[in-house]
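Next come the chains, spelled out residue by residue.
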Amino acid sequence: TACHVDVLDLSTDESISNTYYYWLSHDHECTWYGVTCDENGSVVRLELPENNLNGPIPGELIHLTSLRILHLQHNLLSGTLPTHIAHLYPLIELQLLDNMFSGTIPEELYDLTTLQKLSLGWNDFSGTLSTRIGEMTNLQMLFLFDNKFDGTIPSEIGKLSFLSFLYTHSNAFTGTIPNEISNLSMLRQWKHFENINTGTLPGDIGNLGNLEILWLSECRFSGPLPPSFYNLTRLQQFHAWSNRDLFQEPFSTGFNGTISSEIGNMKELTSFVVNHNWFQGELPREFGDLIELSKFVCFLSQVIIIVLREKCLSLTVFFWVLYKMLMQLVLPLQQSFFYPHTNVQTLTIINK
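Residues numbered from 1 in each chain as written. Predicted model: local features only at pLDDT ≥ 70, side-chain atom pairs only at ≥ 80, totals over all residues. Heavy atoms only, no water.

**Here's the deal with the environment of Leu112**
Line of reasoning, step 1. Following the sequence through the fold, Leu112 ends up in the loop between strand E7 (100-103) and strand E8 (117-119).
Line of reasoning, step 2. For Leu112, a relative accessible area of 0% puts it in the buried group.
Line of reasoning, step 3. Among all residues touching Leu112, those that are not within four sequence positions of it are Ile85, Ala86, Leu88, Tyr89, Leu91 and Met136. (Helix = DSSP H or I, 4+ residues; strand = E, 2+ residues; numbered from the N terminus. Buried < 20%, exposed > 50% of the residue type's maximum accessible area, 1.4 Å probe, protein only. Contact = heavy atoms within 4.5 Å.)

**Let's talk about the pattern of salt bridges**
Line of reasoning, step 1. In the structure shown here, the tally under the stated rule is seven salt bridges.
Line of reasoning, step 2. Glu47 serves as the salt-bridge partner of Arg45, at 3.0 Å between the closest nitrogen and oxygen.
Line of reasoning, step 3. For Arg188, the salt bridge is made with Glu212, and the minimal N-O distance between the two is 3.5 Å. Here Arg188, found in the loop between strand E13 (172-173) and strand E14 (189-191), pairs with Glu212, found in the loop between strand E15 (198-199) and strand E16 (213-215); they are 24 residues apart in sequence, far enough to count as distant.
Line of reasoning, step 4. Take Arg188: its relative accessible area is 35%, and that puts it in the partly exposed class.
Line of reasoning, step 5. Through salt bridges that share partners, Glu107, Asp111, Arg132 and Glu135 make up one connected network. (Salt bridge = Lys/Arg side-chain N within 4 Å of Asp/Glu carboxyl O.)

**Quick notes on the nonpolar core**
Line of reasoning, step 1. Of all hydrophobic cores here, the largest spans 76 residues; its most connected members are Phe229, Phe238 and Phe272.
Line of reasoning, step 2. Elements with a minimum of two residues in this core: strand E2 (43-47) and strand E21 (278-283).
Line of reasoning, step 3. The contacts of Phe238, once residues within four sequence positions are left out, are Leu214, Leu216, Leu225, Phe229, Leu269, Ser271, Phe272, Val273 and Val274.
Line of reasoning, step 4. Membership of the second largest hydrophobic core comes to five residues, among which are Leu97, Met141, Phe143 and Tyr167. (Core = buried A, V, L, I, M, F, W, Y, C linked by side-chain atoms within 4.5 Å.)

**What about the packing of aromatic side chains?**
Line of reasoning, step 1. Going through the model one piece at a time under the given rule, you end up with 15 aromatic pairs.
Line of reasoning, step 2. On the numbers, 6.1 Å between centres and 10 degrees between planes, the contact of Phe101 with Phe125 is stacked. On the criterion of sequence distance, the pair formed by Phe101 in strand E7 and Phe125 in strand E9 (residues 124-127) is long-range, its members being 24 residues apart.
Line of reasoning, step 3. The class for Phe125 is buried, based on a relative accessible area of 0%.
Line of reasoning, step 4. Between Phe238 and Phe272, the ring centres sit 5.5 Å apart and the planes meet at 45 degrees, which makes this aromatic pair tilted. Within this pair, whereas Phe238 is found in strand E18 (residues 237-239), its partner Phe272 is found in strand E20 (residues 271-273), the two being separated by 34 residues in sequence. Considered together, Phe238 and Phe272 belong to a single accessibility category, that of buried residues.
Line of reasoning, step 5. Each residue in the set Phe229, Tyr230, Phe238, Phe272, Phe287 and Phe296 is aromatic and connected to the rest through ring pairs, giving one cluster.
Line of reasoning, step 6. One Lys or Arg, Lys191, reaches over the ring of Trp215 and ends 4.2 Å from the middle of that ring. (Phe/Tyr/Trp six-rings, centres within 6.5 Å; stacked < 30°, edge-to-face > 60°. Lys NZ or Arg CZ within 6 Å of the ring centre and 35° of its normal.)

**Observations regarding the pairing of strand E11 (residues 148-151)**
Line of reasoning, step 1. By the alternation rule, side chains of E11 split into Phe149 and Gly151, which are all buried, and Lys148 and Asp150, of which none is buried.
Line of reasoning, step 2. As paired elements, E9 and E11 share two bridges and run parallel to each other. In the sheet register, Ser126 faces E11, and the bridge partner there is Lys148.
Line of reasoning, step 3. With two bridges joining them, E11 and E13 adopt parallel strand pairing. Residue pairing across strands places Gly151 opposite Phe173, the latter belonging to E13. (Pairing = 2+ DSSP bridges.)

**A short note on the state of the cysteines**
What we call a disulfide is simply a covalent bond connecting the sulfur atoms of a pair of cysteines.
Line of reasoning, step 1. Tallied over the full model, the rule gives one disulfide.
Line of reasoning, step 2. Covalently, Cys30 is tied to Cys37 through a disulfide, its sulfur atoms 2.0 Å apart. Linking Cys30 and Cys37, the disulfide has an S-S dihedral of approximately -100 degrees and is accordingly described as left-handed.
Line of reasoning, step 3. Residue Cys30 is classed as partly exposed on the basis of its relative accessible area of 25%. (Disulfide = S-S within 2.5 Å.)

**Digging into the sheet that holds E9**
Line of reasoning, step 1. Judged by pairing direction, the sheet is parallel, and its six strands sit side by side in the order E3-E5-E7-E9-E11-E13 without closing on themselves. Of all strands in the sheet, those with a lone pairing partner are strand E3 (54-55) and E13, marking the two edges.
Line of reasoning, step 2. Summarising the sheet, E7 and E9 pair through two bridges and their orientation is parallel. Within E9, the residue paired with Gly103 across the bridge is Phe125.

**Brief notes about the confidence of the model for the protein chain**
Detailed reading of the predicted coordinates is not advisable wherever pLDDT is low.
Line of reasoning, step 1. For the protein chain, mean pLDDT is 82; residues scoring 70 or higher make up 76% of the total.
Line of reasoning, step 2. A low-confidence stretch, residues 304-342 (pLDDT under 50), is modelled with 91 contacts involving residues beyond four sequence positions or located in other chains.
Line of reasoning, step 3. Low pLDDT, under 50, characterises residues 348-352; the stretch is placed with 32 contacts to residues that sit more than four places away or in other chains. (pLDDT = per-residue confidence, 0-100.)

**Let's talk about the environment of Ser66**
Line of reasoning, step 1. With respect to the element layout, Ser66 can be found in the loop between E3 and strand E4 (69-71).
Line of reasoning, step 2. When its relative accessible area of 22% is taken as the criterion, Ser66 is described as partly exposed.
Line of reasoning, step 3. Once residues within four sequence positions are removed from consideration, Ser66 is found in contact with Ser42, Val43, Val44 and Pro90.

**Details of the side chain of Arg244**
Line of reasoning, step 1. Relative to the assigned elements, Arg244 resides in the loop between E18 and strand E19 (254-257).
Line of reasoning, step 2. Residue classification places Arg244 among the buried positions, given a relative accessible area of 5%.
Line of reasoning, step 3. A polar side-chain atom of Arg244 sits 2.5 Å from the main-chain carbonyl oxygen of Asn277. (Polar contact = N/O pair within 3.5 Å; in protein donor to acceptor, adjacent residues only side chain to side chain.)

Here's what the structure looks like:
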């Protein structure tokens, strides 16, 4: 049934302009800016991004029993996430990105099992991610970045079989990454930089066959890349720099070992950035098979020999030489490899 929405005063006087002429007028709410109704006159979409809205989310939202889309991103809304939002059972998209919300995620939110897109990034949320996240099995997009979440990532996240976009970066997550995350076979992008996670990558990470972007920089991961990593044949960007800190952490942190010759299977790679780790040995000849690669950065590792196949690399190589671990910048040397078939423009190596 139709719900009269004049109880929803989400704006301040300062934000009212000609654009919002119909808000709180006597006209039918279906004519109001940002409101979309179905054929029965029920509100199904409320979209008010970038409107300088402030204050908490009003409790009267529970009266919008047919609401499926709620977009309130890029505003100045604040307070905690109200528990009554869980009464919006038909909701499939909840976008609260870039506001001033705080507090923990209420357990009731996990009752919204119809949600396909949940965006809580760029706020001040804190606390842990509940194991009940595994109940939200319809999620396709989960944005939790730039908050203060901590604790471990629950293994139940591996139950989100439709998840395609997972942004958990810029938080304080700790512990190891559960191997169950390798069950997310639909995952295309996972950004998880700037956290405090430790340990090695999941051994079955190669099961993420649709993964295109994997950003794991500025954490505290260690160990070699698992053999299955090289099964990520659709991967385009692998960024894992600064998992080692020369001055603040023991040298046991940081990725290590050699880069396997199996990297030649990852033919869609455009960016491979792994500086500030402990990789060592020779860069394998199969590296030359990566004809789409445009950026490779491996300084502050121990990669000392570069051997490239003839069909590779028409590029300008900038060698930055590290002298006695002091990171002294030396005049860049330009060297051209006359192999015409790749897009590589910059290769950066600092040899320890």
